[in-house]
Amino acid sequence: MTQLVSLIQAAVVFGTVILFGATGEIITEKSGNLNLGVPGIMYLGGIVGLMGAFAYESMATDPIPAVCLIISMVCALAAAALGGLIYSFLTITLRANQNVTGLTLTIFGSGFANFFGGSLNKLAGGVGQISVATTSSAFRANIPALAEMGFIGKALFSYGFMVYLAIIIAIACQYFLNKSRVGLNLRAVGENPATADAAGINVIKYKYLATCGGAAITGLGGLYYVMDYIKGTWANDGSIEKLGWLAVALVIFATWKPKNAIWGSYLFGVLFWLYFYIPDLTRSSQEIFKMLPYLVTIAVLIIVSLRKKKENQGPTALGLSYFREER
């Protein structure tokens with residue numbers, strides 16, 4: 001029973017990082033923009049949020065947890081949205097290739113984050129010495145009365161608020177895309193921008209807002225990783241990049257539906273950490289188990305392609321630049 005609780009906790013914490021990334025990318029892709037810069041945007045959100053918290057805690061004699069939360073979240077959201085704005089300007093206004101731009105954004109975000117992460121480590125006195133204990137504790141705080149309610153409490157309530165925020169955002173995005181007028185307009189832009197434009201929908205505005213808004217949500221995944229997953233420090237081990245690519249894979253697995261991304265992210269977490277709870281596995285066997293999330297994604301992609309159901313396919317204009325002159 002203890003191992004089961006431990007596996008659930010590991011899966012939820014792991015899954016929350018990629019749930020933020022996948023939800024943000026679904027919003028972006030619904031506008032027709034294929035942003036492969038998800039890992040880079042998560043890097044930006046994580047490092048800038050950490051920098052904001054570090055600067056505040058270094059200056060304040062007695063840091064206030066609520067202020068720490070606000071500063072780090074505002075910094076992360078702003079940095080991630082700026083990354084989305086850069087991508088939007090290059091691909092929407094300048095009509096650069098979306099795949100190349102996204103990959104370039106990932107390289108830029110990785111380099112930016114690791115450079116400033118290394119600088120923060122030096123300022124703090126060495127690797128692993130960054131101290132944003134107040135901010136990290138605020139992100140990881142749970143409600144003790146609920147977290148101590150036996151199996152159910154440990155499995156469902158022993159997490160920081162961002163776990164529940166990720167679920168709320170995914171549910172809100174599902175409602176937004178399917179029930180709101182703006183969401184339906186956004187989907188029309190992703191399916192056929194020329195028709196949407198002819199109907200009076202401002203295609204450029206929708207693409208910009210969806211890409212920047214989606215990037216902001218994605219950036220929260222990087223912030224959660226830094227503040228909760230690795231407890232308020234910085235590690236140049238490439239883990240954020242791996243999780244970013246898993247978030248991109250989760251978009252396909254979830255068939256571009258935020259509600260599917262919720263259970264899909266936790267399933268990915270279970271599959272990723274399952275090897276740790278199976279005794280007597282060799283190292284090579286462990287690596288095979290780590291491939292499971294990707295193998296499941298490939299299987300889902302094959303099944304969806306064979307069934308050819310319209311509702312399970314990506315937006316028709318995904319990855320294509322819109323030229324109004326060709327309408």
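To start, this report covers the structure provided alongside it. Treat the numbers as computed from the prediction; the structure is a model and nothing was measured. (Residues numbered from 1 in each chain as written. Predicted model: local features only at pLDDT ≥ 70, side-chain atom pairs only at ≥ 80, totals over all residues. Heavy atoms only, no water.)

Within the largest apolar cluster, 73 residues are counted, with the highest numbers of intra-cluster contacts made by I18, F20, L50 and W234. Here W234 is in contact with Y43, G46, I47, L50, A113, N114, G117, N121, I130, V226 and I240, once residues within four sequence places are set aside. If you look at the next biggest cluster of nonpolar residues, it comprises five residues, including I41, A80, L105 and A215. (Core = buried A, V, L, I, M, F, W, Y, C linked by side-chain atoms within 4.5 Å. Buried < 20%, exposed > 50% of the residue type's maximum accessible area, 1.4 Å probe, protein only. Contact = heavy atoms within 4.5 Å.)

Here we take up the packing of aromatic side chains. This model, assessed by the stated rule, comprises 11 aromatic pairs. Centroid distance Y43 to W234: 6.3 Å. Interplanar angle 55°. Geometry classified as tilted. Of this pair, Y43 sits in helix α2 (residues 38-59) while W234 is found in the loop between α11 (203-229) and α12 (239-253), placing the two residues 191 residues apart along the sequence. Given the relative accessible area of 3%, Y43 is considered buried. Where F253 meets W263, the ring centres are 5.5 Å apart and the plane angle is 65°; that geometry is what we call edge-to-face. With F253 in helix α12 and W263 in helix α13 (residues 258-273), the pair connects residues that are 10 residues apart, well separated along the chain. Of the residues examined, F253 reaches a relative accessible area of 7% and is grouped as buried. On the basis of relative accessible area, W263 is assigned to the partly exposed category, the value being 47%. (Phe/Tyr/Trp six-rings, centres within 6.5 Å; stacked < 30°, edge-to-face > 60°. Helix = DSSP H or I, 4+ residues; strand = E, 2+ residues; numbered from the N terminus.)

Attention now moves to the environment of N260. Within the secondary structure, N260 sits in helix α13. Distance from N260 to A80, taken between C-alpha atoms, is 24 Å for residues 180 residues apart in sequence. Setting aside its immediate chain neighbours within four residues, N260 contacts A254 and T255.

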